[in-house]
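# Results of the structural survey
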Amino acid sequence: MVLVPLASVDTGSLRWLRQNDRPLEFDLSAGDQTVGTLVWDGPTGSRATFRTATSSWTLKRVGFLNPHITARVPGSPSDAARLSVHLNYHQIEVAGVGRFHFHRAGVLVPAWKVELDTGDELLHIEPVREGRELAAGAVIASAAAPKLPAFALLVGLSWYFIALAWFEDEAIARLEPPDAPPAPKPG
């Protein structure tokens, strides 16, 4: 598949579409043009590759007591970005660019936001489900977001986090017993 450069499309409204389950795979589209792919390396594990027309990163969840997600350019020994996971907020640090806040848009809202330190929203990401499965996601970018050198990486890293968390929830749900009919009331 040929990827179209992000700079050549309207990035105000992007969408992630789930393509495969094993390995998990999503395409990032702008209109009818594919601008990126996020593919897990296998049916299990957290390692995935995010590609655009101009860049590629390997993404992976690491750590137990201090969980975080790393993004590296293939072959590089250092992280291009790191998403640190905390209880009610997360932080994305992009090497040479800066820090961004990543958090839920609200308690009852399944959407996520990437913001500057000033609180200005760069990305609004809303997962779309079919049943219990994550099927797609809408990414609304502010006018300032595509101008950032880390724009593509922020889009890919944030979706990776959302998809990984959702995928783990899907796996746990498969282990749960099916809903049982209510027990008869004693008579």
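Residues numbered from 1 in each chain as written. Predicted model: local features only at pLDDT ≥ 70, side-chain atom pairs only at ≥ 80, totals over all residues. Heavy atoms only, no water.

It is worth spelling out the overall build of the protein at this point. Counting its secondary structure elements, the protein contains one helix and twelve strands. From first element to last, N terminus to C terminus, the protein shows the α and β order β-β-β-β-β-β-β-β-β-β-β-β-α. Buried positions account for 43% of the 187 residues belonging to the protein. Total accessible area on the protein is roughly 10400 Å²; 56% of this is exposed by carbon and sulfur atoms. (Helix = DSSP H or I, 4+ residues; strand = E, 2+ residues; numbered from the N terminus. Buried < 20%, exposed > 50% of the residue type's maximum accessible area, 1.4 Å probe, protein only. Areas by Shrake-Rupley, 256 points an atom, 1.4 Å probe, with all protein chains shown as cover.)

Empty space left among the atoms is revealed by rolling a probe the size of a water molecule over them. Here the largest pocket defines a volume of roughly 320 Å³. Considering the residues around the largest pocket, the lining is formed by 18 residues, among which Leu 6, Thr 54, Ser 55, Pro 149 and Ala 152 are closest to the centre. Looking at which element gives the most residues to the lining of the largest pocket, the answer is helix α1 (residues 151-175), with three residues. Class assignment of the residues belonging to the lining of the largest pocket gives a composition of 14 nonpolar, four polar and no charged. (1 Å grid on protein atoms, 1.4 Å probe; cavity = no way out; pocket = protein on both sides within 12 Å on 5 of 7 lines; lining within 4 Å. Points joined across faces, edges and corners; volume = space filled by probe spheres on them. Nonpolar A, V, L, I, M, F, W, Y, C, P; charged D, E, K, R; others polar.)

Let's shift gears to unusual backbone geometry. Here the amide bond leading from Arg 22 into Pro 23 is cis, since omega sits at 0 degrees, within 30 degrees of zero. Along the chain, Pro 23 falls in the loop between β1 (13-21) and β2 (24-30).

Residues Trp 16, Phe 26, Leu 38, Trp 40, Leu 123, Leu 154 and Trp 159 are the most contacted members of the largest nonpolar core, which totals 49 residues. Not counting the four nearest positions on each side in its chain, Trp 16 is found in contact with Phe 26, Asp 27, Leu 28, Leu 38, Phe 50, Ala 135, Ala 136, Gly 137, Val 139, Val 155, Gly 156 and Trp 159. (Core = buried A, V, L, I, M, F, W, Y, C linked by side-chain atoms within 4.5 Å. Contact = heavy atoms within 4.5 Å.)

Below, the discussion takes up the pairing of strand β11 (residues 121-130). Successive residues of a regular strand alternate their side chains across the two faces of the sheet. Two strands pair when backbone bridges link them, and strand β10 (residues 112-115) and β11 are joined in this way by four bridges, in the antiparallel orientation. Across the sheet, residue Val 114 finds its bridge partner in β11, namely Leu 123. Hairpin remark: β10 followed by β11, antiparallel, with five residues in the connecting loop; positive phi at Gly 119, about 95 degrees. The antiparallel pairing of β11 with strand β12 (residues 133-141) creates a hairpin that spans two residues between the two strands, and Gly 131 there sits at a positive phi of about 65 degrees. (Pairing = 2+ DSSP bridges.)

Let us now look at the pattern of salt bridges. Tallying each qualifying case throughout the model produces six salt bridges. Salt-bridge contacts for Asp 79 lead to Arg 72; the nearest nitrogen and oxygen are separated by 2.7 Å. In this structure Arg 72 comes out as partly exposed when scored by relative accessible area, which is 33%. The partner of Lys 113 in a salt bridge is Glu 121, and the shortest N-O contact between them spans 3.7 Å. (Salt bridge = Lys/Arg side-chain N within 4 Å of Asp/Glu carboxyl O.)

With the rule as written, the count across this model stands at eight aromatic pairs. Ring geometry for Trp 40 against Tyr 160: centres 5.3 Å apart, planes inclined by 15 degrees, an arrangement best described as stacked. Linking Trp 40 in strand β3 (residues 33-40) with Tyr 160 in helix α1, this pair joins segments that are 120 residues apart in sequence. The exposure classification of Trp 40 matches that of Tyr 160, with both residues buried. Between Phe 50 and Trp 57, the ring centres sit 5.6 Å apart and the planes meet at 15 degrees, which makes this aromatic pair stacked. (Phe/Tyr/Trp six-rings, centres within 6.5 Å; stacked < 30°, edge-to-face > 60°.)

As a further point, take the sheet that holds β12. The twelve strands lie next to each other as β1-β2-β3-β4-β5-β6-β7-β8-β9-β10-β11-β12, forming a closed barrel whose pairing is antiparallel. For this sheet, the mean inter-axis angle between neighbouring strands, taken without regard to orientation, is 20 degrees. Of the strand pairs in this sheet, β3 and strand β4 (residues 48-52) are connected by five bridges, and their pairing is antiparallel. The partner of Val 39 across the bridge, within β4, is Thr 49. (Axes fitted to C-alpha atoms, helices over the stretch in contact; angles between N-to-C directions.)

For strand β6 (residues 68-72) and strand β7 (residues 81-85), the ladder comprises four bridges, and the chain directions are antiparallel. From the neighbouring strand, Thr 70 faces β7, where its bridge partner is Arg 82. In this structure, β7 lies alongside strand β8 (residues 90-94), joined through five bridges in antiparallel fashion. Its bridge partner being in β8, Arg 82 is matched across the sheet by Glu 93. Here β7 hands over to β8 after four residues, the two strands then running antiparallel side by side.

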